[in-house]
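Structural overview
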Amino acid sequence: ILALVGGGKVPRYPRNKVMMWDDVNNRCIGELSFPSDVRAVKLRRDMVVVVLDRDIYIYNFQDLKLLENRRTIVNTKGLCALC
């Protein structure tokens, strides 16, 4: 599973969406939309973490249901670490 976010000169996807891509079946299996540009995405076996400028969203990996939303200080570099 890959998490794709738009970027570059001619992005295929918008910068405020995360597309969950199944590379084995070659298809999109989920889409997450946000109010601002996505700065980083971290994947773990049990969760998907999406970092925006001032928010962190944590989703369940299996069904992409929102588990938690945390407000943070300005984080334009999308710094985030998972344990």
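Look up: the structure comes first, before these words.
If you're wondering where the values come from, they're calculated on a predicted model, not measured in any experiment.

A look at the packing of aromatic side chains
This structure, assessed with the given rule, holds three aromatic pairs. Taking 6.2 Å as the distance between ring centres and 75 degrees as the angle between the ring planes, the aromatic pair formed by Phe34 and Tyr59 counts as edge-to-face. One end of the pair, Phe34, is in the loop between strand 3 (27–33) and strand 4 (40–43); the other, Tyr59, is in strand 6 (residues 55–60), and 25 residues separate them in sequence. For the pair shown, Phe34 and Tyr59 are each scored as buried. For the ring pair Tyr57 and Tyr59, a centre distance of 6.5 Å and an interplane angle of 20 degrees mean the geometry is stacked. Taken together, the ring pairs in this structure connect Phe34, Tyr57 and Tyr59 into an aromatic cluster.

Re the pairing of strand 7 (residues 66–71)
Among the six residues that make up strand 7, zero are buried, leaving the element largely open to the surroundings. Between strand 6 and strand 7, which pair antiparallel in sequence order, lie five residues; one of them, Leu64, sits at a positive phi of approximately 60 degrees.

So, the side chain of Asp22
Along the chain, the position of Asp22 falls in strand 2 (residues 17–22). At 3.0 Å, the side chain of Asp22 and the backbone nitrogen of Val24 are in polar contact. Setting aside residues no more than four positions away along its own chain, Asp22 makes contact with Ile1, Arg27 and Ile29.

Here's the deal with the side chain of Asp55
When you line up the elements, Asp55 lands in strand 6. A relative accessible area of 12% means that Asp55 is categorised as buried. Within polar-contact distance, the side chain of Asp55 engages the side chain of Arg71 at 3.0 Å. In contact with Asp55, other than residues within four places in its own chain, are Val50, Asn69, Arg70, Arg71 and Thr72.

Calculation rules
- Residues numbered from 1 in each chain as written.
- Predicted model: local features only at pLDDT ≥ 70, side-chain atom pairs only at ≥ 80, totals over all residues.
- Heavy atoms only, no water.
- Phe/Tyr/Trp six-rings, centres within 6.5 Å; stacked < 30°, edge-to-face > 60°.
- Helix = DSSP H or I, 4+ residues; strand = E, 2+ residues; numbered from the N terminus.
- Buried < 20%, exposed > 50% of the residue type's maximum accessible area, 1.4 Å probe, protein only.
- Pairing = 2+ DSSP bridges.
- Polar contact = N/O pair within 3.5 Å; in protein donor to acceptor, adjacent residues only side chain to side chain.
- Contact = heavy atoms within 4.5 Å.

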